[in-house]
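Single-letter residue listing:
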Amino acid sequence: MAINDTATVPAVVLTDDAGHLLPIFIGLWEAVSINSALNKEVTPRPFTHELFTDLMGRFSISVHHLQIDSIEGGVYYAQLVFVADGREECLDCRPSDGITVALRANAPIFVDEGLLAASGQGECVSEMVDLSTFLQK
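Residues numbered from 1 in each chain as written. Predicted model: local features only at pLDDT ≥ 70, side-chain atom pairs only at ≥ 80, totals over all residues. Heavy atoms only, no water.

Draft legend 1. Representation of the sheet that holds strand β6 (residues 75-84) within the structure. What the 4 strands build is an open sheet, ordered β7-β6-β5-β8; its pairing is mixed. Two strands lie at the open edges of the sheet, namely β7 (87-93) and β8 (109-111), each paired on one side alone. This sheet shows a mean twist of 25 degrees between the axes of neighbouring strands, independent of strand direction. Bridge count between strand β5 (residues 62-72) and β6: 9 bridges; the pairing is antiparallel. When the bridges of β6 are listed, S70 appears paired with Y77. On top of the sheet, helix α3 (residues 95-104) reaches β5, β6, β7 and β8; it is set at about 160 degrees to β5, its chief contact. (Pairing = 2+ DSSP bridges. Helix = DSSP H or I, 4+ residues; strand = E, 2+ residues; numbered from the N terminus. Axes fitted to C-alpha atoms, helices over the stretch in contact; angles between N-to-C directions. Contact = heavy atoms within 4.5 Å.)

In structure tokens:
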């Protein structure tokens, strides 16, 4: 969560081995869903992302990977890459949805190297707290 004097905004911060940071600002419910996926939480009733991954499992569709590949006007764009019947299919998605689905499917998350190098910043990260800490307040 990015916190400053005027607002609290959830963010996912992606990193690479070189230490580049890519904060992607998202909605609160998306943050809760990503946090749930990271913690391998199982809810009594499936949320949308759980329903989606359960449906894929029933039809033998797997997530190959998530590719976050561009930014336009401050909006990040991503593609979920699926494998079904030996062929790959790509679906456009919001990075927050793609991250949640990829985490639930244990699929890798990739960021275009040029995008990470150009957009990856660290200055705002020092003022962030993790979601669990924020929710305990």
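Now, onward.
Draft legend 2. Looking closely at the packing of helix α2 (residues 48-58) against α3. Between α2 and α3, the least distance of the axes is 10 Å, while the angle of their chain directions is 50 degrees. Regarding the angle of α2 to α3, the classification is oblique. Our pair here, α2 against α3, has a crossing hand that is right-handed. Facing H49, E50, F52, T53 and M56 of α2, the residues of α3 in contact are D97, T100, V101 and R104. When grouped by side-chain class, the residues that make up the contact of α2 with α3 number 3 nonpolar, 3 polar and 3 charged. (Parallel < 35°, antiparallel > 145°, perpendicular 65-115°, else oblique. Left-handed = near helix turned anticlockwise from the far one by under 90°. Nonpolar A, V, L, I, M, F, W, Y, C, P; charged D, E, K, R; others polar.)

Draft legend 3. The pattern of salt bridges, seen in detail. What the rule picks out here adds up to 4 salt bridges. A salt bridge links E30 to R94, with the shortest nitrogen-to-oxygen separation between them at 2.9 Å. Here R94 lies in the loop between β7 and α3 and E30 lies in helix α1 (residues 28-38), a separation of 64 residues in the sequence. With a shortest N-O distance of 3.8 Å, R104 and E50 are connected by a salt bridge. Residue R104 is located in helix α3, and its partner E50 is located in helix α2; the two are separated by 54 residues in the primary sequence. With relative accessibility at 9%, the residue E50 sits in the buried group. By sharing partners, the salt bridges in this structure join E30, R94 and D97 into a single network. (Salt bridge = Lys/Arg side-chain N within 4 Å of Asp/Glu carboxyl O. Buried < 20%, exposed > 50% of the residue type's maximum accessible area, 1.4 Å probe, protein only.)

Draft legend 4. Representation of the environment of L80 within the structure. Of note, L80 is situated in strand β6. With a relative accessible area of 5%, L80 lands in the buried category. Ignoring sequence-local partners within four residues, the contact set of L80 consists of V63, H65, L66, E89, C90, L91, C93, G98 and V101.

Draft legend 5. Representation of a nonpolar patch on the surface within the structure. On the surface, a cluster of nonpolar side chains totalling about 300 Å² of accessible area is made up of L55, F59 and I61. As for its placement among the helices and strands, F59 is situated in the loop between α2 and β5. (Patch = residues over 30% accessible without salt bridge, like charges linked within 9 Å, V, L, I, M, F, W, Y side chains within 5 Å. Areas by Shrake-Rupley, 256 points an atom, 1.4 Å probe, with all protein chains shown as cover.)

Draft legend 6. Structural detail: unusual backbone geometry. Positive phi is not limited to glycine here, since K40 has a value of about 55 degrees. Counting through the fold element by element, K40 comes out in the loop between α1 and α2. Positive phi, close to 55 degrees, is recorded for N106, a residue that is not glycine. By secondary structure assignment, the location of N106 is in the loop between α3 and β8.

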